[in-house]
Amino acid sequence: MALADLLLSDDDFVPTKALLVVAHPDDIDFGAAGTAATLTDHGVEVVYGLVTSGQAGEPAELSPAELTEIRQKEQTEAAAIVGVTELHWLGFPDGHLVADLELRKAIARLIRMVKPDLVITQTPVRDLDRIYAAHPDHLAAGEAAVCAVYPDARNGHSFPELLAEGHLPHAVPRVWLMAGADNDLHVDITANLDRKIEALRAHHSQNDDRADALPSMIRDWAQTNARAAGHTGRAVESFRVVHTE
Ligand SMILES: [Zn+2]
């Protein structure tokens, strides 16, 4: 099936290069690994930008340095499962993210380096009914990424030091927001649901204690999302499209 037929929405945009920006290792795999797999299957280049290395995750007895090493390795394995080999670690502190100018500059630099036509990131809007999805780091990463798309990455006057580093302005025409409300794009991941589950299982440090429950939980989510969007019988990941051209 053509990629356009798997992007269920009114928007006829089909990306050629996507940059995914999230707060923590495993955020991509919960929200968008099926989409990443679907994109790479169809020849779209996909690059990951991880704002933190998940060094405030489980298990609590490990040091931040040990967790950084483990979680970067797990995310790298999870990425390979869905066809992604380019990962950028921005090195911000897990649990302390703020959508400040430093974070915006780091993401704008990454956008100018990668030059995507699509950024997929976390919604900056807090949903009080989904408090885990609305982790403050997620909201900060999403807010900073949207600011980096517009205006920072495209405006030569934003962060002149990026120009001095040789990173020329770059305009991204679309953002897809995950884990939010008002979703109007449903990516059909039916053929990639098993790879999404496999990618999530690669995060052993976070998910081994619920490994048995994970597959049915993920299938349920994807099928419930599909039903809610009028695509009963399929599995989807849903996004809110933001037009940024
Ligand atoms: Zn997270």
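Residues numbered from 1 in each chain as written. Predicted model: local features only at pLDDT ≥ 70, side-chain atom pairs only at ≥ 80, totals over all residues.

1. A word on the overall build of the protein chain
The secondary structure content of the protein chain amounts to 10 helices and eight strands. In summary, the protein chain has a C-alpha radius of gyration of 17 Å against a globular reference of 18 Å for 245 residues, a match within 12%. Dimensions of the protein chain, computed from the C-alpha atoms along their principal axes, are close to 50 × 50 × 35 Å. Across the protein chain, every contact between residues at least 6 apart in sequence was considered, and the portion connecting residues at least 24 apart equals 77%. (Helix = DSSP H or I, 4+ residues; strand = E, 2+ residues; numbered from the N terminus. Rg over C-alpha atoms; globule rule 2.2 N^0.38 Å. Contact = placed C-beta atoms within 7 Å.)

2. Some remarks on unusual backbone geometry
The residue after Glu-58, namely Pro-59, is reached through a cis peptide bond having omega -10°. Take Pro-59: it is sitting in the loop between strand S3 (45-52) and helix H4 (64-81). Residue Tyr-150 is joined to Pro-151 through a cis peptide bond whose omega torsion reads 10°. Structurally, Pro-151 is set in helix H6 (residues 136-152). Positive phi is not limited to glycine here, since Phe-159 has a value of about 50°. Within the element layout of this structure, Phe-159 appears in the loop between H6 and helix H7 (160-164). A tally of 21 C-beta atoms within 10 Å means that Phe-159 is categorised as buried. (Buried ≥ 20, exposed ≤ 12 C-beta atoms within 10 Å, placed from the backbone.)

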